[in-house]
Amino acid sequence: MDLRCAWMLCMLCLILTVRAFTQEGFKEVVLKQLGLSEVPKLHKRDLVDLVIPDHVKNKYMSMLKRQRVKRRALPSLAGILRGIPGHTGEVLYSDMTTRQKLMFDMEGRIPKNSEVTMAELKLFKKPLDRANLPAKQSHRPVSNARVSVYWVQQQHDGTNSTSLIDSRLVPIRESGWKSFDVTQAVHYWLRNKRQEPMFLEVWIEGERVGSYASEMAKAVRFTSQDPKDKGLGKPELVLYTLNLDDYGSAGDCREEALMGKSTCCRQKHYISFRELSWAQHWILEPAGFQAFRCSGSCQQVPRALRRLGSGQRSCAVAGSSALPIIYLVKRGNRTEIEAAEFPGMVVESCSCVTDG
């Protein structure tokens, strides 16, 4: 690790550890990590009809899934997770050739003192109606459609903002249940602490650019939440929760941490890019993330047993992981969309360390 990278990781640890989170300090680290001297100066035209290219979307999802696999590799969770069956609501809008909106009533769905470790959206793909397929042309064969799931947040001014949650290729000619990882959407919903339902939007697009792939994708149809859509499985949201009374996550803070009475532990600390004035327009994904921070006290070693030159023991970051992001960058007169993995952004564990 070179000195520049080490300096940035130390800055991140410092920012995530202290209680007084400063926007300026965080902004400085983000810009340095992305190799930017200042926040991109965007015009309204840069944000109109903005489309994330497939190669950027695929790179982002690949990085995101790699982090998810890493965080789920916990053998102690085996056999402890319990599923909660999905609940369907009214249809808000359903255009099966392009987009489908789903609504899930979340009230009372998550038990008290529990953690949502995984959430799964299950969609039933209807059998292929060959009458909906376009006439064969002299194009490369198209076997799949790209299906992406977005979390939809309704703004106070009546507009919607969306965040990409999961994306995958679905075989056009296969029917049956298809599953999507929507854990991040549930975490977003929990963070907002609203009484309203959770809204998701399913996009069905061609697997590549071109009208033929787009026309082929229109043949992909999922069942909806409409009561008239009978005979096949309705969309389901399955939540897997962990009872913290029985299986509390070792190293994570309990309520007493808020009163400053706990020993060194990892405390929840959410950072919302949508609420940071300098980041809300050019950091496209994610909307925010659970960064965590280290909190609590450490038992001190008696002075007679201390190593010469060592100081007090304090609670600090012992392990961290990367955060994938999609962002806009200006290069001359061009506005480009890129994906990057931001190291050291999520605190994974805390420990007592000795100063010096």
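The coordinates are above.
Since the model is a prediction, treat every value here as computed from it, not as a measurement.

Observations concerning the state of the cysteines
This structure, assessed with the given rule, holds four disulfides. What pairs with Cys 253 in a disulfide is Cys 265, and their sulfur atoms sit 2.0 Å apart. Of note, the bridge from Cys 253 to Cys 265 carries an S-S torsion of about 100° and is right-handed in sense. Taken together, the residues span a long stretch of sequence, with Cys 253 in the loop between α7 (244-247) and β10 (265-267) and Cys 265 in strand β10 at a distance of 12 residues. Disulfide pairing is shown between Cys 294 and Cys 350; the S-S distance is 2.1 Å. Linking Cys 294 and Cys 350, the disulfide has an S-S dihedral of approximately -90° and is accordingly described as left-handed. With Cys 294 in strand β14 (residues 293-295) and Cys 350 in strand β16 (residues 334-354), the pair connects residues that are 56 residues apart, well separated along the chain. Summarising the burial analysis for this pair, Cys 294 and Cys 350 share the class buried.

Notes on the packing of aromatic side chains
In this structure the tally under the stated criterion is seven aromatic pairs. Here Phe 26 and Phe 273 contribute two aromatic rings whose centre-to-centre distance is 6.4 Å and whose plane-to-plane angle is 15°, an arrangement assigned as stacked. Of this pair, Phe 26 sits in helix α2 (residues 23-33) while Phe 273 sits in the loop between β11 (270-272) and β12 (283-285), and the two are 247 residues apart along the sequence. Comparing Phe 26 with Phe 273 shows no difference in burial state: the two are buried. Summarising the aromatic geometry, the rings of Phe 26 and Trp 278 are spaced 5.9 Å apart at their centres and angled 65° between planes, so their arrangement reads as edge-to-face.

A word on the pattern of salt bridges
All chains considered together, the criterion is met by 12 salt bridges. Arg 99 is the partner of Glu 201 in a salt bridge, and the nearest nitrogen-oxygen pair spans 3.8 Å. Residue Glu 201 is located in strand β8 (residues 198-206), and its partner Arg 99 is located in strand β3 (residues 99-104); the two are separated by 102 residues in the primary sequence. Here Arg 334 ties to Glu 336 by a salt bridge, and the two come within 2.3 Å at their closest N and O atoms. Three or more residues are tied together by salt bridges with common partners; here these are Arg 331, Arg 334, Glu 336 and Glu 338.

A short note on the environment of Ser 314
Inspection of the secondary structure puts Ser 314 in strand β15 (residues 313-331). Exposure remark for Ser 314: the relative accessible area of 29% places this residue in the partly exposed category. C-alpha of Ser 314 to C-alpha of Asp 355: the two residues are 41 residues apart in sequence and 7.3 Å apart in space. The contacts of Ser 314, once residues within four sequence positions are left out, are Cys 298, Ser 351, Cys 352, Val 353 and Asp 355.

Quick look at the pairing of β8
Of all the nine residues making up β8, eight are buried; the element is thus mostly covered by neighbouring parts of the structure. Of the pairings in the sheet, the one linking β3 to β8 comprises six bridges and is antiparallel in character. Within β8, the position partnered with Arg 99 by the bridge is Trp 203. In the sheet, strand β5 (residues 144-154) pairs with β8 via eight bridges, with the strands oriented antiparallel.

Quick notes on the sheet that holds β16
If you trace the three strands from one edge of the open sheet to the other, you get β12-β15-β16, paired in antiparallel fashion. Of all the strands in the sheet, the pair left with one neighbour each is β12 and β16. Pairs of neighbouring strands in the sheet enclose a mean axial angle of 40°, with direction left out of account. Where β12 lies against β15, two bridges are found, and the strand directions are antiparallel. Opposite Ile 283, over in β15, you have Tyr 327 as the bridge partner.

Observations regarding the side chain of His 269
For His 269, the position within the fold is in the loop between β10 and β11. The buried category is assigned to His 269, whose relative accessible area is 12%. A polar contact is formed between the side chain of His 269 and the side chain of Arg 293, at a distance of 3.4 Å.

Quick word on the nonpolar core
The biggest cluster of nonpolar side chains holds 45 residues, and the ones touching the most others in it are Phe 26, Val 30, Leu 34, Phe 273, Trp 282, Phe 289 and Ile 326. Of all the elements in the fold, those that place two or more residues in this core are α2, α4 (54-72), β12, β15 and β16. The residues that make up this core include at least three from each of domain 1 (23-76 + 247-300 + 310-354) and domain 2 (89-234). Discounting chain neighbours no more than four positions away, the residues touching Ile 326 are Ile 52, Val 56, Tyr 60, Trp 282, Ile 283, Leu 284, Glu 285, Ile 337, Glu 338 and Ala 339. Judged by nonpolar contacts, the second largest core, of 38 residues, contains Met 106, Leu 133, Val 220 and Tyr 270.

Calculation notes
- Residues numbered from 1 in each chain as written.
- Predicted model: local features only at pLDDT ≥ 70, side-chain atom pairs only at ≥ 80, totals over all residues.
- Heavy atoms only, no water.
- Disulfide = S-S within 2.5 Å.
- Helix = DSSP H or I, 4+ residues; strand = E, 2+ residues; numbered from the N terminus.
- Buried < 20%, exposed > 50% of the residue type's maximum accessible area, 1.4 Å probe, protein only.
- Phe/Tyr/Trp six-rings, centres within 6.5 Å; stacked < 30°, edge-to-face > 60°.
- Salt bridge = Lys/Arg side-chain N within 4 Å of Asp/Glu carboxyl O.
- Contact = heavy atoms within 4.5 Å.
- Pairing = 2+ DSSP bridges.
- Axes fitted to C-alpha atoms, helices over the stretch in contact; angles between N-to-C directions.
- Polar contact = N/O pair within 3.5 Å; in protein donor to acceptor, adjacent residues only side chain to side chain.
- Core = buried A, V, L, I, M, F, W, Y, C linked by side-chain atoms within 4.5 Å.
- Domains from an automatic or database assignment.

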